[in-house]
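This is what each chain is made of:
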Amino acid sequence: MTEKTEAEKAREREEDDKKKRRAALLLAYRRQDRARWLWWLFKSPSEGALVTTMAGAVAATVGWIGIDRYEVWALKREPAAQVEVVRETPNSTVFEIIGFDKAGRRGVFDVVVLKKEFKWAHASDTEVEREGRQIPANALVDEAFDADVRGALAEALEIVGVGTASQEGEGTRETERAGRRAARTAEIAKTASLDHVPLWTLNLGQYREPCEACETTGTSWQRPFIVVAVKELQKDANLGEALADAMTGRERLPSPTAYSAFVMTKLRG
């Protein structure tokens, strides 16, 4: 076996130092406002600065039953350091974020949030609309996923379809609807991915965090279309833990604490 060069050893030491700094940032970081991502992402470009009044957030507690589901611990701990890269594409905003599981193993994710003209049709778990017009199922991938997003999905190690429901309606029923939306999202996204890529759903449940200054003409902003491409996952890392950690405490992304659940289910792979 070839002995490592001094340059290789130096690179390894540098990488170890980076990991230690990330861990320190993770422990030092303090949770920020968890609902502002919604009104920031979906507010009209013509609007000026918004001042929000957020009611107190309620901590999430989730029970877990069934095969391929597991407990996500991250909602009871400090979130990862707020490091993100944002890419604007014609149809979406893509957030590259980093999170860590309970053992400190890292995951890197592209969270794709379609822009506000795309949304789930009210009370539907199968139909997606664009500015009020239903998009035919056979045209959805081409119309909603631009080249940047299709490229991210094609290169993903794993894909997570995310489902949400707005605040109207009975909680259990809406959480079930969010689960079906997650499955539909995963089914749509898999057409842009490789056949062998593991496929998951993430049911965030029903939106429940009050936001008096959010759009008051409706609640469509509470049920965005979201899909996650897993870009990197360290060996033996817990995907659910790392993703929950990455999404928690960011003002421009959906926080698990703004919704009623965090249930991951494996569909394939």
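Note that the structure is predicted; figures quoted are calculated from it, not measured. Think of each chain on its own: its residues are numbered from 1, step by step along the sequence as written. Confidence filtering applies because this is a predicted model: local features only for residues at pLDDT of at least 70, side-chain atom pairs given and counted only at 80 or more, and all residues used for totals across whole chains, interfaces and linings. Note: side-chain values were computed over all heavy atoms of the structure, leaving out hydrogens and water.

Chemist: How should the overall build of the chain be read in this particular structure?
Modeler: Counting from the N terminus, the helices are DSSP H or I runs at least four residues long and the strands are E runs at least two residues long. The helix and strand tally for the chain stands at 6 helices and 10 strands. Residues count as neighbours in contact if any of their non-hydrogen atoms are within 4.5 Å of one another. The long-range share in the chain, meaning contacts at least 24 apart out of those at least 6 apart in sequence, stands at 75%. The Shrake-Rupley method, run with a 1.4 Å probe, gives the accessible areas here. Residue values count only the displayed protein chains as cover. When the accessible surface of the chain is totalled, it reaches about 12900 Å², and 50% of it is carbon and sulfur.

Chemist: What's the story with the packing of aromatic side chains in this structure? I'm lost.
Modeler: Within a pair of aromatic rings, the relevant descriptors are the distance that separates the centres and the angle that separates the planes. Only centres within 6.5 Å qualify two rings of Phe, Tyr or Trp (six-membered ring in Trp) as a pair; their planes then separate them into stacked at under 30 degrees, edge-to-face at over 60, and tilted for everything else. Following the criterion strictly, the structure yields 3 aromatic pairs and no others. Pairing Tyr 207 with Tyr 259 gives two aromatic rings, centres 5.3 Å apart and planes at 75 degrees, and the pair type is edge-to-face. Note that Tyr 207 is positioned in the loop between strand E8 (199-206) and strand E9 (226-233) and Tyr 259 in the loop between helix H6 (239-247) and strand E10 (263-268), a separation of 52 residues in sequence. Pair check on accessibility: Tyr 207 and Tyr 259 agree, each one buried. Here's how the labels work: a residue is buried when its accessible area is under 20% of the maximum for its type, exposed when over 50%, partly exposed in between, all with a 1.4 Å probe on protein chains only.

Chemist: Teacher, can you tell me more about the confidence of the model for the chain here?
Modeler: The predicted coordinates ought not to be read in detail in places where the model reports low pLDDT. Taken over all residues, the pLDDT of the chain has a mean of 75, while the share at 70 or more is 67%. Every residue is assigned a pLDDT by the predictor, reflecting its confidence on a scale from 0 to 100. Across the chain, element-level confidence peaks in E9 with a mean pLDDT of 96 and bottoms out in helix H2 (residues 36-42) with 42. Counted against residues more than four places away or in other chains, residues 24-77, with its pLDDT under 50, gives 125 contacts. Counted against residues more than four places away or in other chains, residues 212-219, with its pLDDT under 50, gives 12 contacts.

Chemist: Looking at this structure, I do not really get helix H5 (residues 171-190). What am I missing?
Modeler: In an α-helix, one full turn covers 3.6 residues, which means residues spaced three or four apart are oriented alike. A helix is expected to reach a length of 1.5 Å times the quantity of its residues less one. Taking 1.5 Å as the rise per residue, H5 with 20 residues should run 28 Å; its terminal C-alpha atoms sit 29 Å apart, in good agreement. Among the residues of H5, those classed as buried are Glu 174, Arg 177, Ala 178, Arg 181, Ala 182, Thr 185, Ala 186, Ile 188 and Ala 189. Under the rule applied, a polar contact is a pair of N or O atoms within 3.5 Å (in protein, one hydrogen donor and one hydrogen acceptor; residues adjacent in sequence only if both atoms are side-chain atoms). Taking the backbone nitrogen of Thr 172 as reference, a side-chain oxygen 3.0 Å away marks Glu 170 as the first, capping residue of H5.

Chemist: When you look at the sheet that holds strand E6 (residues 133-134) in this model, what are you seeing that I'm missing?
Modeler: The strands making up a sheet are joined through hydrogen bonds of the backbone, oriented either antiparallel or parallel. Taken in spatial order, the 3 strands line up as E4-E5-E6 in an open sheet, and their pairing is antiparallel. Strands at the two margins of the open sheet, each flanked by one partner only, are strand E4 (118-120) and E6. Criterion used throughout: strands pair if DSSP finds at least two bridges between them. Note that strand E5 (residues 128-130) and E6 share 2 bridges and pair antiparallel. Looking at the pairing, Arg 130 lines up with Arg 133 of E6.

Chemist: I'm lost on the nonpolar core in this one. Help?
Modeler: As a rule of thumb, soluble globular proteins bury nonpolar side chains together. To form a nonpolar core, buried Ala, Val, Leu, Ile, Met, Phe, Trp, Tyr and Cys residues must be joined to one another through side-chain atoms within 4.5 Å. In terms of nonpolar packing, the biggest core is built from 25 residues, with Ile 97, Phe 109, Val 111, Val 160 and Leu 202 touching the most fellow members. Those elements giving two or more residues to this core turn out to be strand E2 (92-100), strand E3 (106-114), strand E7 (158-165), E8, E9 and H6. If you tally residues by element for this core, the top one is H6, at 6 residues. Each residue touching Phe 109, except ones within four places of it in the same chain, is listed here: Phe 95, Glu 96, Ile 97, Gly 99, Val 228, Ala 229, Val 230, Lys 231, Leu 239, Ala 242, Leu 243 and Ala 246. Membership of the second largest hydrophobic core comes to 24 residues, among which are Phe 118, Phe 145, Val 149 and Ile 159.

Chemist: What am I meant to see in helix H4 (residues 147-154) here?
Modeler: Looking at H4, one finds that the buried residues are Val 149, Ala 152 and Leu 153. One side of H4 carries all its buried residues, which in axial view fall inside an arc of 95 degrees. Comment: arc refers to directions from the helix axis out to C-beta atoms.

Chemist: What should I look at first to understand the environment of Thr 191 in this one?
Modeler: Tracing the sequence through the fold places Thr 191 in the loop between H5 and E8. Accessibility expressed as a relative area gives 55% for Thr 191, which makes it exposed. Between the C-alpha atom of Thr 191 and that of Leu 153, which follows or precedes it by 38 residues, the distance is 9.2 Å. Within the structure, the side chain of Thr 191 is placed 2.7 Å from the backbone oxygen of Ile 188, a separation counted as a polar contact.

Chemist: Hey, could you run me through the pairing of E8 in this one?
Modeler: It is a general feature of regular strands that their side chains alternate between the two faces of the sheet. By the criterion of burial, E8 is predominantly enclosed, with 8 of the 8 residues buried. Two strands pair when backbone bridges link them, and E7 and E8 are joined in this way by 7 bridges, in the parallel orientation. Looking at the pairing, Ala 165 lines up with Gln 206 of E8. When the strands point away from the viewer and the connection leading from the first strand across the helix to the second strand turns clockwise, the crossover is called right-handed. At this point the chain moves from E7, through H5, to the parallel E8, and the crossover so formed is right-handed. Relative to E10, E8 is paired through 5 bridges, and the arrangement is antiparallel. For Leu 202, the partnering residue across the bridge sits in E10 and is Met 264.

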